[in-house]
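As a plain string of letters, each chain reads:
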Number of protein chains: 2
Amino acid sequence: MKIIFLGSGNLATRLSLEMHRKGMRIGQVYSHTPENAERLAAQLGCPWTTVPEEVDTDADLYVFSLKDTVLADVIARIRPNNGLWVHTAGSMPMDVFSGYTADYGVMYPMQTFSKVRPVDFSVIPFFLEANTPENAGKLQQIAGALSGNVRFLSSDKRKSLHLAAVFACNFTNHIYALAVKILQGQEIPADVLLPLIDETAAKVHTMTPAEAQTGPAIRYDENVINKHLAMLDDPDMRSVYQLISQSIHKEAQI
Amino acid sequence: MKIIFLGSGNLATRLSLEMHRKGMRIGQVYSHTPENAERLAAQLGCPWTTVPEEVDTDADLYVFSLKDTVLADVIARIRPNNGLWVHTAGSMPMDVFSGYTADYGVMYPMQTFSKVRPVDFSVIPFFLEANTPENAGKLQQIAGALSGNVRFLSSDKRKSLHLAAVFACNFTNHIYALAVKILQGQEIPADVLLPLIDETAAKVHTMTPAEAQTGPAIRYDENVINKHLAMLDDPDMRSVYQLISQSIHKEAQI
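Just so it is clear, the structure is predicted and the values come from calculations on it, not from any experiment.

A. Spatial organisation of the overall build of chain A. Broken down by element type, chain A carries 10 helices and eight strands. Each principal axis of the C-alpha distribution contributes one length, and for chain A these read about 65 × 40 × 30 Å. By sequence separation, contacts in chain A at least 24 residues apart represent 51% of the contacts at least 6 residues apart. If you sum the accessible surface of chain A, you get close to 10100 Å²; carbon and sulfur atoms cover 49% of it. Side-chain charges of chain A comprise 22 positive and 27 negative groups, with the mean position of each set lying 1 Å from the other.

Listed below in structure tokens is the structure:
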């Protein structure tokens, strides 16, 4: 099986390297950016191109890991009309491929990927979708070789899942960034937060976030809340503090 | 050494049980609420009271784990004027004890505690403060018996630390709650988020949150951002989405 990767970002990098590591053959990398295409192709030991029209036409699997805004354009410009075409985006419907090829689907690994950080694929939940039962079988086999946590989900539900992932990961990480910023102002090393960050994540393995909630907002401890607001000079951070504290308090009333 | 615990909440419960487990002798529990006082005292095998004036006067250590709003009142009402008095609050200054007793300090374990969930105290950062070098030595010894991660920090810096902890833990946990809420509407089990939550926490052990940031807001992918906003019916969740996305984008510009 020959695989072509379209994209060279965080997800494309980690997924293609993992497939390569599992013995799957990556035949070519496409990326708009020559440096990125070259870097990833070097890691995979395969040729690369920056021109959609030069993507090989003889592959069995085309994996599109591109920004949503350019995905449709690249789909329209590549030449092959064979093989199985899949994208890896949480937020794009499967039918973005409709009319361009006969066999297509989605393989969405719900994880946060950074180019430089290897992750354990075996526990990553993969959400699949395919336009035919035969393609579903093929995708199940490919994803099943990478992870023990594979299931099928419609485009519509995947959109909601992706939104939940943005909260659970991207927003959480930014909240960490704001916490670190507070410590920087006091010259306290950021790593003192790690046991707290770890336990906050570990806790929701054994209780719901609603049960796990602690702190001044859930106790509605206005004394502490007001002192904290007075300490925040940055108006954005004050807004975040206020909005999330209100939201915690409101949920507790339900 | 005889220890008296004032409070029976999440922190008081976990800390007193850990001290008990380590062989320290808890001689009495005070709590405003009889059920809570009785429950904790039963776990510790000691007497309890709901009347501050009935707190034993012969203890060596008095540990105040009370809501900030009632701490000063209980300090003023108890009878002893001996022993070392410490509170465990991130947000209260040490001098709340000033004028009531000669020997006092602070022992703040920065962690999220729930009554029902045991935690590994050995990795919890303890932040200490004491009004004399002798009391500092005593506190160092007590906290050092519980954790390998003990340091001294002024009341002023501890206030900022506590604010950072509210972000890193309480706000993070609420963001998890919002993510779960999105999935509930789609009948997707919440536990699909756990590998993502775990990796988001693990990532900041090896890179800064700024380096670890991924997702539509950091890419400034307006297509995805607008689709997500359109999916959020709840005005509070929409505000959280908007505010945090803007904040992510702004930090990325710096």
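After that view of the structure, there is still more to cover.
B. Structural detail: the UniProt feature "domain: DUF2520" (unreviewed entry) in chain A. On the UniProt side, "domain: DUF2520" (unreviewed entry) is annotated at positions that read residues 124–248 of chain A here. Structurally, residues 124–248 of chain A comprises 69% helix and 6% strand, and the distance from its first C-alpha atom to its last is 29 Å.

C. Region of the structure containing the state of the cysteines. Within this structure, the stated rule accounts for zero disulfides over all chains. C169 of chain A provides the cysteine sulfur closest to C169 of chain B, a residue in no disulfide bond, and the two sulfurs are 18 Å apart.

D. Fine view of unusual backbone geometry. One non-glycine residue, Y220 of chain A, lies in positive phi territory at about 50 degrees. Locating Y220 of chain A in the fold gives a position in the loop between α8 (216–219) and α9 (222–231). Looking at Y220 of chain A, the relative accessible area reads 41%, which means it is partly exposed. Positive phi values are uncommon outside glycine, yet E187 of chain B reaches one of about 55 degrees. A residue is classified by how much of its surface remains accessible, and E187 of chain B, at 73% relative accessible area, is exposed.

E. Geometry of the UniProt feature "domain: Pyrroline-5-carboxylate reductase catalytic N-terminal" (unreviewed entry) in chain A. Taken from the UniProt record, the annotation "domain: Pyrroline-5-carboxylate reductase catalytic N-terminal" (unreviewed entry) applies to residues 2–78 of chain A. Taken end to end, residues 2–78 of chain A is 43% helix and 22% strand, and its first and last C-alpha atoms sit 16 Å apart.

F. Seen up close, the sheet that holds strand β3 (residues 48–49) of chain A. Residue and element names in this part refer to chain A. The mixed open sheet is built from eight strands, whose spatial order is β3-β2-β1-β4-β5-β6-β7-β8. Bordering the open sheet on either side are β3 and β8 (150–152), each of which pairs with just one other strand. Pairing between strand β7 (residues 126–130) and β8: three bridges, direction parallel. In the sheet register, F127 faces β8, and the bridge partner there is R151. Seen against the sheet, helix α1 (residues 10–21) touches β1 (2–6), β2 (25–30), β4 (61–64), β6 (104–109) and β7 and runs at an angle of roughly 165 degrees to β1.

G. Examining the pattern of salt bridges more closely. Summed over all chains, the structure comprises 25 salt bridges over all chains. A salt bridge links E134 of chain A to K138 of chain A; the shortest N-O distance between them is 4.0 Å. Here the residue E134 of chain A and the residue K138 of chain A both occupy positions in helix α4 (residues 133–146), the gap between them amounting to four residues, near one helical turn. Residue K181 of chain A is joined to E251 of chain B by a salt bridge in which the shortest nitrogen-to-oxygen separation is 2.8 Å. A residue pair is termed interchain when its members come from two chains, as with K181 of chain A in helix α5 (residues 155–184) and E251 of chain B in helix α10 (residues 235–253). If you follow the salt bridges from partner to partner, you end up with K2, D56 and D58 of chain A in one network.

H. Structural context of the interface of chain B and chain A. On the side of chain A, 92 residues touch chain B, which itself brings 92 residues to the contact. Of the roughly 8800 Å² buried where chain B meets chain A, counting both sides, 67% is carbon and sulfur surface. Together, R117, F167 and L196 of chain B form the three largest contributors to the area buried by chain B at its contact with chain A, with a combined 8%. Viewed at the interface, chain A and chain B are joined by six salt bridges. We note a salt bridge from D236 of chain A to K250 of chain B, for which the minimum N-O separation is 2.3 Å. If you look at where chain B meets chain A, you find 38 residue pairs in polar contact (both at pLDDT 80 or more). Contributing elements (two or more residues each) for the side of chain B that touches chain A: α3 (68–77), α5 (155–184), α6 (194–203), α7 (209–212), α8 (216–219), α9 (222–231) and α10 of chain B. Looking at the side of chain B that touches chain A element by element, the count peaks at 26 residues for α5 of chain B. When grouped by side-chain class, the residues that make up the side of chain B that touches chain A number 50 nonpolar, 24 polar and 18 charged.

I. Fine view of the pairing of β6 of chain A. Residues and elements named next belong to chain A. Within β6, six of the six residues are buried, which leaves the element mostly enclosed by the surrounding structure. Both strand β5 (residues 84–87) and β6 contribute to a ladder of three bridges, which runs parallel. From the neighbouring strand, W85 faces β6, where its bridge partner is Y104. Inspection of the sheet shows β6 paired to β7 by five bridges, in the antiparallel sense. Bridging across to β7, P109 finds its partner in F126.

J. Geometry of the relation of the copies chain B and chain A. The transformation that overlays chain B on chain A combines an axial shift of 0.0 Å with a rotation of 180 degrees, and the residual RMSD is 0.0 Å. In the structure described here, the two chain copies are related by an operation that fits a two-fold rotation axis. Considering only C-alpha atoms, the part of chain B nearest the rotation axis is T172 of chain B, at 2.7 Å.

K. Structural detail: the environment of T88 of chain B. Residue and element names in this part refer to chain B. Its place among the elements puts T88 in the loop between β5 (84–87) and β6 (104–109). On the accessibility criterion, T88 (3% relative accessible area) is buried. Beyond its immediate stretch of four places on either side in the chain, T88 contacts L11, L15, V63, F64, S65, M107, Y108 and P109. Of the polar contacts made by the side chain of T88, one reaches the side chain of S65; its length is 2.9 Å.

Cut-offs used in this document
Residues numbered from 1 in each chain as written. Chains lettered and ligands numbered in written order. Predicted model: local features only at pLDDT ≥ 70, side-chain atom pairs only at ≥ 80, totals over all residues. Heavy atoms only, no water. Helix = DSSP H or I, 4+ residues; strand = E, 2+ residues; numbered from the N terminus. Contact = heavy atoms within 4.5 Å. Areas by Shrake-Rupley, 256 points an atom, 1.4 Å probe, with all protein chains shown as cover. Lys, Arg positive; Asp, Glu negative; His and termini not counted. Charge placed at Lys NZ, Arg CZ, Asp CG, Glu CD. UniProt positions renumbered as here; feature names shortened; annotations may be inferred. Disulfide = S-S within 2.5 Å. Buried < 20%, exposed > 50% of the residue type's maximum accessible area, 1.4 Å probe, protein only. Pairing = 2+ DSSP bridges. Axes fitted to C-alpha atoms, helices over the stretch in contact; angles between N-to-C directions. Salt bridge = Lys/Arg side-chain N within 4 Å of Asp/Glu carboxyl O. Buried area = accessible area lost by both parts, 1.4 Å probe. Polar contact = N/O pair within 3.5 Å; in protein donor to acceptor, adjacent residues only side chain to side chain. Nonpolar A, V, L, I, M, F, W, Y, C, P; charged D, E, K, R; others polar. Least-squares fit on C-alpha atoms with pLDDT ≥ 70 in both.

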